[in-house]
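# Fold and contact review
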Amino acid sequence: MKPRIAIDMDDVLADTVGKFIAIYRRDFDTSALPTVFRENSFHELLEKDVYKRLADYVHEPGFFADIPVMPGAIEVTQALSEKYDLFVTSAAMEFRNSLSEKYDWLDQHFPHIHWKNRVFCGDKSILRADIMIDDMPYNLVSFQGKGLLFDAPHNRDNTIFQRVLSWNEVAKELL
């Protein structure tokens, strides 16, 4: 039996920050530099009402359907699947449209991760695996295995968990 890895979707497999950057530049400020939003979180940079309007996009049909894939995620997960059992674990229940859109997105970009290895839930504390890769520290707090915090602007202040900056770093750590 191979060791198990639980892998989050948003801001781990899927570049959700990149999607928000594109929406912000399209609908609010075409001159905004994308790198600014990679260095600081949206709630730090934007006025409260603009941040709320941007956050509301996750409730619109289609939001989760075309999020870009994180660089290296496909290749590294393919390599990891030789050594580990991979499970995509997403709190997809939070946003009504995300469940079917995330399912289809995984079919398109990660067909090497079988549909039986997709866990759509609300509370990740129920998960049992050897390793979890997630961008949200609160998901790693209750996790019993080794937690890897995937770097994102919204978790930069967290120093509790081992941080991985990219899928190349995940490969160096786990392959």
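What comes next is a walk through the structure. If you're wondering where the values come from, they're calculated on a predicted model, not measured in any experiment.

### Observations concerning the overall build of the chain
- Scanning the chain for helices and strands turns up eight helices and six strands.
- Since a compact globule built from 175 residues should have a radius of gyration of about 16 Å, the 16 Å found for the chain is in line with a globular shape.
- For the chain, the spread of C-alpha atoms along the three principal axes comes to 50 × 35 × 30 Å.
- By the burial criterion, 47% of the 175 residues in the chain qualify as buried.

### Digging into helix H8 (residues 167–174)
- Those residues of H8 that fall on the buried side of the exposure criterion are Trp 167, Val 170, Ala 171 and Leu 174. The buried residues of H8 all sit within an arc of 100° when viewed along its axis, so they share a single face. Turned more than 90 degrees away from the buried face of H8, the exposed residues are Asn 168 and Lys 172.
- Those residues of H8 hidden inside the fold are in contact with strand S1 (4–7), helix H5 (73–83), strand S4 (131–134), strand S5 (146–150) and strand S6 (162–164).
- Where H8 starts, the residue carrying a side-chain oxygen 3.3 Å from the main-chain nitrogen of Asn 168 turns out to be Ser 166.

### Concerning the side chain of Asn 158
- Within the secondary structure layout, Asn 158 lies in the loop between S5 and S6.
- Since its relative accessible area comes to 16%, Asn 158 is described here as buried.
- The contacts of Asn 158, once residues within four sequence positions are left out, are Pro 137, Leu 149 and Arg 163.

### Re the pairing of S5
- By the criterion of burial, S5 is predominantly enclosed, with four of the five residues buried.
- With four bridges connecting them, S4 and S5 associate as parallel partners. By the bridge assignment, Ile 133 is partnered in S5 with Leu 148.
- Summarising the sheet, S5 and S6 pair through three bridges and their orientation is parallel. The partner of Leu 149 across the bridge, within S6, is Arg 163.

How each quantity is defined
- Residues numbered from 1 in each chain as written.
- Predicted model: local features only at pLDDT ≥ 70, side-chain atom pairs only at ≥ 80, totals over all residues.
- Heavy atoms only, no water.
- Helix = DSSP H or I, 4+ residues; strand = E, 2+ residues; numbered from the N terminus.
- Rg over C-alpha atoms; globule rule 2.2 N^0.38 Å.
- Buried < 20%, exposed > 50% of the residue type's maximum accessible area, 1.4 Å probe, protein only.
- Arc of directions from axis to C-beta.
- Contact = heavy atoms within 4.5 Å.
- Polar contact = N/O pair within 3.5 Å; in protein donor to acceptor, adjacent residues only side chain to side chain.
- Pairing = 2+ DSSP bridges.

Keep in mind these numbers describe shape, not what the thing actually does.
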